[in-house]
Amino acid sequence: MRKILFGAVITLVVLFAFKYCGDKKENQATLKESSALIQEQIKNVGKLIVTEGHFSQVLNYTNSKELFGSYFTSNKKALVVVNADVFISYDLSKIEYKIDESSKTLTILSIPKEEIKISPDLEYYDIEADFFNPFEARDYNNIKELVKKSLLKKLDKSDMKANAQNRLISELAKFYILTNSLGWTLEYNNVEIINQDALNTLKL
C-alpha cells in the first residue's frame, strides 16, 4: 500500500513539474512575442511627422559702405519678396527606449526634438547699387540669413509647433494602446502613462 501511495505521489509531483515548466515556457514565449511586437510597432512609426506652413513677407535690404573715412557713403538696397514653406518634423526612428520583459514595461527614454526646415523662394526687385558698393554673393547670403531669422520669429508666434506636438502625441498614443492591450506598462520621464489623456500633460 505504501508503495502504491508513494508511486502516486511521485506521479503527481512529476505531472506538476511538467505543467509548471510548460506554463513557464509558455509565459516566456508570450513575453518574447509581446516584446518583438512592441519593437516592430516602434519601427513602423519611425517615420517623419510633418506639419507644414506657408509664410509670405516683404523685406527691405540696405547696406552702406563708408569710403574715404566718413566723407563719402555708398549705398545699395533691394526689395525682396519672400514666399517660404516651413516644415516641422519629428524623426521617430531616433526614439530611445528600453523594454523590460520581467516587469512588462516599455520605457521611452528620450524623444528627438523637432526638426525645422525652411525653404524660401526669394524674388528681388528695385536693386540699387553702384561701382563702389556692388551687390555680391555675400549680400544674397546675408539676405537669406535675415529671412531665416525673421521666419523663425514668425514661427514661434504661430501655432505650428503646437500642431506638430499634437501630432507627435497622437503617434505616442499608439504605444500606449499597444502596451495596454498586451498588459504592459508604458513609462516616460519616470512617469507611468495610465491613460491617453496623460500623454497630453507630458513635458516633451
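Residues numbered from 1 in each chain as written. Predicted model: local features only at pLDDT ≥ 70, side-chain atom pairs only at ≥ 80, totals over all residues. Heavy atoms only, no water.

### Details of the sheet that holds strand β6 (residues 185-188)
Spatially, the four strands line up as an open sheet ordered β3-β4-β6-β7, and their pairing is mixed. This sheet does not close on itself; its edge strands, each paired only once, are β3 (96-100) and β7 (191-193). On average, adjacent strands in this sheet sit at an angle of 25 degrees to one another, irrespective of strand direction. By the bridge criterion, five bridges tie β3 to strand β4 (residues 105-110) in an arrangement that is antiparallel. Following the sheet pairing, Tyr97 is matched in β4 by Ile108. (Pairing = 2+ DSSP bridges. Helix = DSSP H or I, 4+ residues; strand = E, 2+ residues; numbered from the N terminus. Axes fitted to C-alpha atoms, helices over the stretch in contact; angles between N-to-C directions.)

### Considerations on the nonpolar core
Grouped together as the largest cluster of nonpolar side chains are 41 residues, with contacts concentrated most on Ile108, Ile143, Leu172 and Phe175. Within the residue set of this core, elements represented by two or more residues are α1 (2-44), β1 (48-67), β2 (72-91), β4, α2 (137-157), α3 (160-181) and β6. No other element matches the nine residues that α3 contributes to this core. In contact with Ile143, not counting residues within four places along its chain, are Leu59, Tyr61, Val80, Leu122, Tyr124 and Phe135. (Core = buried A, V, L, I, M, F, W, Y, C linked by side-chain atoms within 4.5 Å. Buried < 20%, exposed > 50% of the residue type's maximum accessible area, 1.4 Å probe, protein only. Contact = heavy atoms within 4.5 Å.)

### A closer look at the pattern of salt bridges
Counted by the stated rule, this structure contains seven salt bridges. Among the ionic pairs, Glu128 bridges to Lys77, the shortest N-O distance being 3.8 Å. Of this pair, Glu128 sits in strand β5 (residues 115-128) while Lys77 sits in strand β2, and the two are 51 residues apart along the sequence. The exposure class of Glu128 is partly exposed, given its relative accessible area of 44%. Classification of Lys77 as partly exposed rests on a relative accessible area of 40%. (Salt bridge = Lys/Arg side-chain N within 4 Å of Asp/Glu carboxyl O.)

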